[in-house]
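Examination of the molecular architecture
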Amino acid sequence: MNPSQEELREQLYRLLGDLPDRNFPIEVQRIAEETREKYDLEKLLLHWNGLEPIPAYFVRPKEARGKLPTILFNHSHGGNYALGKDELLQGNSYLQNPPYAEQLTRMGYAVLSIDTWGFGERRGRTESELFKEMLWKGQVLWGMMVYDSLRAIDYLVTREDVDEERLGTLGMSMGSTMSWWTAALDSRIRVCVDLCGLTDYQELIRARGLDGHGIYYYVPGLLKSFTTSEINALIAPRPHLGLAGNYDKLTPAAGLDRIDAHLRRVYREQGHPDAWRMVRSPGGHLETAEMRAEVIAFLEQWL
């Protein structure tokens, strides 16, 4: 008998190392509240892992009322450890304008973004230092990052201004990978959008592209149990938009072909062929104007 999606999720989660208790109480500190020209901003300090606090931003449309559809925005890497969650507010050189805080609140969404380990207000130790220390302790850096994103969903569903039936996740590059991992592991996420991060692991090895991704990316033993396509299949039949550049060396084109074919079959078999969509642009590792338009249309359709 084939394992169920929940059994596969549990198996995938176990590969992420020794993680903190998922039931660790969540405590919230509101550091500041600001009314900006385009949206309202909360600066938060979240406690949920028993190890260190997590700085976060929560933005919402100005003068919004009631429960709002909400998106977990996962920031990218890009070697810019100082930026972190500020990518939500400021944008990035490889993202379109306006920044996603303005774009998404204009569309009626609230958005949460957190600093992941080693980024933004959590920087101070290098990525390799974090990876090595955690490895000694039986932990996996990517696992600890994913854990925080899952707890971010735990936090969102406690907020009175969040519609827990309309949660999405979105990100670029490292944030893209975080989007599909989080959506695969947590079925409360209704819509997943990933930009320039849908990498077929085996094709990455074949193309000798491993060093294009930071050390945070690597999970011991992962390839013994899962392919990229199999992880993403755990999102089905929920709506999922994958966006990629055909000349992006971090997501080899042959791997995109393989993932697309696999997910087309999975979504077709589950009776929702229109809920999976891959859009590929003739560019590299960047969000094009076409991609931004696709993101907007997909969210408007499904969330």
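One structure accompanies this document, and this report is about it.

A separate point is the overall build of the chain. A tally of regular secondary structure across the chain gives ten helices and nine strands. Relative to the compact-globule value of 19 Å for 303 residues, the chain shows a C-alpha radius of gyration of 18 Å, a close match. Along the longest, intermediate and shortest principal axes, the C-alpha atoms of the chain span 50 × 45 × 40 Å. Among the 303 residues that make up the chain, the fraction classed as buried is 57%. Total accessible area on the chain stands at roughly 13100 Å², and carbon and sulfur atoms take up 49% of it. Positive and negative charge centroids in the chain, built from 35 and 43 side chains respectively, lie 2 Å apart.

Before going further, it helps to examine the nonpolar core. Ranked by internal contacts, the top residues of the largest apolar core, which has 64 residues, are Leu112, Trp142, Trp181 and Ile231. Sequence-distant contacts of Trp181, that is, excluding residues within four places in its chain, are made with Leu12, Leu16, Trp142, Val146, Tyr201, Val219, Leu222 and Ile231. Among the nonpolar cores identified, the runner-up in size contains 29 residues, and Leu41, Leu88, Ala101 and Val191 belong to it.

Moving on, we come to the pairing of strand β6 (residues 162–172). Among the eleven residues of β6, eight are classified as buried, and the element is accordingly described as predominantly covered. Where strand β4 (residues 68–74) lies against β6, six bridges are found, and the strand directions are parallel. In the sheet register, Ile71 faces β6, and the bridge partner there is Gly168. Bridge count between β6 and strand β7 (residues 191–195): five bridges; the pairing is parallel. The partner of Gly171 across the bridge, within β7, is Asp194. Handedness of the crossover is the feature at issue here: the chain leaves β6, passes through helix α6 (residues 174–185), returns alongside β7, and the resulting connection is right-handed.

The next thing to look at is the pattern of salt bridges. Overall, the coordinates contain 29 salt bridges when judged by the stated rule. With its nearest N and O atoms 3.3 Å apart, the salt bridge here joins Glu52 to Arg125. Placement of Glu52 in the loop between β2 (39–47) and β3 (54–61) and of Arg125 in the loop between β5 (110–114) and α4 (127–136) is noted, with a sequence separation of 73 residues between them. Classification of Arg125 as partly exposed rests on a relative accessible area of 31%. For the salt bridge of Glu203 with Arg206, the shortest nitrogen-to-oxygen distance reads 2.6 Å. With Glu203 and Arg206 both in helix α7 (residues 201–206), this residue pair falls three residues apart, about one helical turn. We classify Arg206 as exposed; its relative accessible area is 60%. It is possible to trace a salt-bridge network through shared partners that takes in Glu52, Arg122, Arg125, Glu133, Lys137 and Asp148.

Before going further, it helps to examine the sheet that holds β3. Read from one edge of the open sheet, nine strands run β1-β2-β3-β5-β4-β6-β7-β8-β9, paired in mixed fashion. A single partner strand is all that each edge strand has here, and the edge strands are β1 (27–35) and β9 (276–281). Strand-to-strand twist in this sheet, taken as the mean axis angle between neighbours without regard to direction, amounts to 20°. Lying on the sheet, helix α9 (residues 253–269) is in contact with β8 (240–245) and β9; it crosses β9 at an angle near 160°.

Conventions we followed
- Residues numbered from 1 in each chain as written.
- Predicted model: local features only at pLDDT ≥ 70, side-chain atom pairs only at ≥ 80, totals over all residues.
- Heavy atoms only, no water.
- Helix = DSSP H or I, 4+ residues; strand = E, 2+ residues; numbered from the N terminus.
- Rg over C-alpha atoms; globule rule 2.2 N^0.38 Å.
- Buried < 20%, exposed > 50% of the residue type's maximum accessible area, 1.4 Å probe, protein only.
- Areas by Shrake-Rupley, 256 points an atom, 1.4 Å probe, with all protein chains shown as cover.
- Lys, Arg positive; Asp, Glu negative; His and termini not counted.
- Charge placed at Lys NZ, Arg CZ, Asp CG, Glu CD.
- Core = buried A, V, L, I, M, F, W, Y, C linked by side-chain atoms within 4.5 Å.
- Contact = heavy atoms within 4.5 Å.
- Pairing = 2+ DSSP bridges.
- Right-handed = clockwise from strand over helix to strand, strands pointing away.
- Salt bridge = Lys/Arg side-chain N within 4 Å of Asp/Glu carboxyl O.
- Axes fitted to C-alpha atoms, helices over the stretch in contact; angles between N-to-C directions.

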